[in-house]
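# A look at the structure
The primary structure of each chain is shown beneath.
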Amino acid sequence: MTLSFVLFLFLVHLGVGIVLTLLLVEKVAGVKFFRFNSGFAATLLLIALAMRPDEVALGSGAHGIGLAALICSTGSLLVYWATIGRVLAWLRPVWLWLAGLSGVGTVVAQAIAAAGDAGSLLVAGVTVASFLTSMALLGGTSTAMVLGHWYLVLPSMEISLLQSIVKFHIGATILRILVVAGVVWWAITAADLPGPGFARYVLSLDGVFFWQRILFGLLGPVVLAYMTWETAKIRSTQSATGILYVDFFTVIVGEVLAKYILVATSVPV
């Protein structure tokens, strides 16, 4: 893998994560909310397609399957975005579900391709778990942030909408921490990795990227997610939104670093 995979994986995981979390938001958020988020996600996926690495090409391998699924996901999402609030209302959920399921297929195929060199079902399973939790964390944070901001557009929205997506965000953060902890334990104790080993990497000068990933990408979000939940409970939507802006930034930093570490060490933290 090359460094171009860092941006490619990040854009896909964020875009697909947004699509899936839109399925959790009730329709009362309004047509403009869904149009904005679906348009944002479609833009991310289109950029990912345009900037995909040379290794990602249509074919019979995992890269080819992933690219085909990504094209399907992006196309379905564009149709959803173009028709929302306009025509064929009964078909819109179908397009969104198709975009989400195709996106999950893309992420799973990416994980299998990333673990392909190791040739182990365990490595593939660990990488799939890491990629899926990354997608959930990125998507949940982004959608929660935009939904919190949307209370300025629709002040009459029930606070339960924000509380529900914040619950999902907290759950995704906890699950991401558990998966990363398991991956690190596996990488240090059991993994057969090229080079001097992950334990030496963590304690080396280059290991600063790993510790920044832990600080910004895991510890920061778990604290900020709890703060968001407490502010949402007292119906302070503006404060919750401000915290979510910071939260989203820390999650982005953490997940970009995670993908850099994957390229550098083959460990999907």
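Report on the accompanying structure. In this text, all values refer to a predicted model and were calculated from it rather than measured experimentally.

## Focus on the overall build of the protein
A tally of helices and strands in the protein yields nine helices and zero strands. Element order for the protein, N to C, with α for helix and β for strand: α-α-α-α-α-α-α-α-α. At 19 Å, the protein has a C-alpha radius of gyration in line with the 18 Å of a compact globule built from 269 residues. Taking the principal axes of the C-alpha coordinates as reference, the protein spans close to 55 × 45 × 25 Å. Relative to its 269 residues, the protein shows a buried fraction of 52%. Taking the contacts inside the protein whose residues are at least 6 apart along the sequence as the reference set, 75% of them involve residues at least 24 apart.

## Remarks on the environment of Leu147
Within the secondary structure, Leu147 sits in helix H5 (residues 121-150). A relative accessible area of 0% places Leu147 in the buried class. Here Leu147 is in contact with Ala29, Phe33, Met157, Leu161, Leu162 and Ile165, once residues within four sequence places are set aside.

## A closer look at the environment of Ala264
Tracing the sequence through the fold places Ala264 in helix H9 (residues 237-265). Along the primary structure Ala264 and Val179 are separated by 85 residues, whereas in three dimensions their C-alpha atoms are 19 Å apart.

## Focus on the nonpolar core
By size, the foremost hydrophobic cluster in this structure holds 58 residues, and its most contacted members are Phe8, Ala29, Phe33, Phe34, Leu77, Leu147 and Leu162. Elements that contribute at least two residues to this core include exactly helix H1 (4-22), helix H2 (31-50), helix H3 (62-83), helix H4 (92-114), H5, helix H6 (159-189), helix H8 (208-233) and H9. Of the residues forming this core, the biggest block, 12 residues, is contributed by H1. Ignoring sequence-local partners within four residues, the contact set of Phe8 consists of Ala48, Arg52, Pro53, Val56, Leu70 and Gln110. Counting 20 residues, the second-largest nonpolar core is a separate cluster that includes Val126, Val202, Ile214 and Ile261.

## Digging into unusual backbone geometry
Even without a glycine there, the phi angle at Arg235 is positive, about 65 degrees. Take Arg235: it is sitting in the loop between H8 and H9. Positive phi, normally seen in glycine, also occurs at Ser266, with a value near 70 degrees.

Parameters at a glance
- Residues numbered from 1 in each chain as written.
- Predicted model: local features only at pLDDT ≥ 70, side-chain atom pairs only at ≥ 80, totals over all residues.
- Heavy atoms only, no water.
- Helix = DSSP H or I, 4+ residues; strand = E, 2+ residues; numbered from the N terminus.
- Rg over C-alpha atoms; globule rule 2.2 N^0.38 Å.
- Buried < 20%, exposed > 50% of the residue type's maximum accessible area, 1.4 Å probe, protein only.
- Contact = heavy atoms within 4.5 Å.
- Core = buried A, V, L, I, M, F, W, Y, C linked by side-chain atoms within 4.5 Å.

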